[in-house]
Amino acid sequence: MLARRITPAALAKAADLNRIWVHKAVERGFVNTDALDGEDLIVLRVFALADQIVWPGERRSRSAPRDVAIWHSVVVGAARDAVSDPALGPDTLLWLMPNDVRISSSMAEALVILTEIGPLCAVRIPIGAWVGELPVGFELPTIPMPPAAGRS
């Protein structure tokens, strides 16, 4: 049985975002509409959230067009890394800071990050929870595991 192809409109609806976010993500090379899956849904939600952040001391209109920021590429890459990490679990968090992006896979790791950043501003994205809420048909791609040593 062939899997149902996910359309950009279905992706936007599942992410609870306007379709313009899918178009922006495609334009910036963050998603490919030829092969959409649950990972793209997470990436789209992360991208839309990150794109709207205005850090303290930063002056800009939320509606003003901007160039593609390297930071957005780093954020999207980190989101993909978090989703494909074997340590992914319900406590996995993506931490966005003005000059850094971090991933924590446990509450202990999250506490270390909180201690390290101290009073700095950060946005915490619950990647693990979002993956746990993926709708039917938006599963994560399976990554083939290499054969274990000693097995053939």
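Residues numbered from 1 in each chain as written. Predicted model: local features only at pLDDT ≥ 70, side-chain atom pairs only at ≥ 80, totals over all residues. Heavy atoms only, no water.

Q: Explanation requested: the environment of Ala9 in the structure shown.
A: By the element assignment, Ala9 lies in helix 1 (residues 8–15). Ala9 sits 13 residues away from Val22 along the chain, and the two C-alpha atoms are 8.1 Å apart. (Helix = DSSP H or I, 4+ residues; strand = E, 2+ residues; numbered from the N terminus.)

Q: How should I be thinking about the side chain of His72 in this particular structure?
A: Summarising the element assignment, His72 is placed in helix 4 (residues 70–84). Among the polar contacts listed, one links the side chain of His72 to the side chain of Asp51, at a separation of 3.5 Å. (Polar contact = N/O pair within 3.5 Å; in protein donor to acceptor, adjacent residues only side chain to side chain.)

Q: Teacher, can you tell me more about the sheet that holds strand 1 (residues 93–97) here?
A: Working definition: the strands of a sheet are paired by backbone hydrogen bonds and lie parallel or antiparallel to each other. Taking strand neighbours across the sheet as the criterion, the three strands line up as 2-1-3 in an open arrangement whose pairing is antiparallel. What marks the edges here is a single partner per strand, and that holds for strand 2 (100–104) and strand 3 (123–125). Shown here is a sheet whose adjacent strand axes are inclined to one another by a mean of 20 degrees, direction ignored. As judged from the three bridges shared by strand 1 and strand 3, these two strands associate in the antiparallel manner. By the bridge assignment for strand 3, Leu94 is matched with Ile125. Strands in contact with helix 5 (residues 107–117) are strand 1 and strand 2; relative to strand 2, the strand with the most contacts, it is inclined by about 150 degrees. (Pairing = 2+ DSSP bridges. Axes fitted to C-alpha atoms, helices over the stretch in contact; angles between N-to-C directions. Contact = heavy atoms within 4.5 Å.)

Q: Which parts of the structure should I look at to understand the packing of helix 3 (residues 38–51) against helix 4?
A: In contact at an axis separation of 9 Å, helix 3 and helix 4 are set at 145 degrees when each is read in the N-to-C sense. Crossing geometry of helix 3 relative to helix 4 is assigned as right-handed. Side by side, helix 3 and helix 4 meet where Glu39, Asp40, Ile42, Val43, Val46, Phe47, Ala50 and Asp51 of the first sit next to Trp71, His72, Val75, Val76, Ala79, Arg80 and Val83 of the second. Grouping the amino acids of the contact of helix 3 with helix 4 by side-chain chemistry returns ten nonpolar, one polar and four charged. (Left-handed = near helix turned anticlockwise from the far one by under 90°. Nonpolar A, V, L, I, M, F, W, Y, C, P; charged D, E, K, R; others polar.)

Q: When you look at unusual backbone geometry in this model, what are you seeing that I'm missing?
A: Notably, Asp16 is not glycine yet its phi reads approximately 60 degrees, a positive angle. Examined against the element boundaries, Asp16 turns out to sit in the loop between helix 1 and helix 2 (19–27). Of the residues examined, Asp16 reaches a relative accessible area of 68% and is grouped as exposed. (Buried < 20%, exposed > 50% of the residue type's maximum accessible area, 1.4 Å probe, protein only.)

Q: Help me understand helix 4 in this model?
A: Quick reminder: α-helices carry 3.6 residues per turn. Residues three or four places apart thus point the same way. For helix 4, built from 15 residues, the straight-helix expectation of 21 Å at 1.5 Å per residue is met to within 8% by its first-to-last C-alpha distance of 21 Å. Buried within helix 4 are the following residues: Trp71, His72, Val75, Val76, Ala78, Ala79, Ala82 and Val83. Burial along helix 4 is one-sided: seen end-on, the buried residues are contained in an arc of 160 degrees. Those residues of helix 4 that are buried lie in contact with helix 3, strand 1, strand 2 and helix 6 (127–132). (Expected span 1.5 Å × (residues − 1). Arc of directions from axis to C-beta.)

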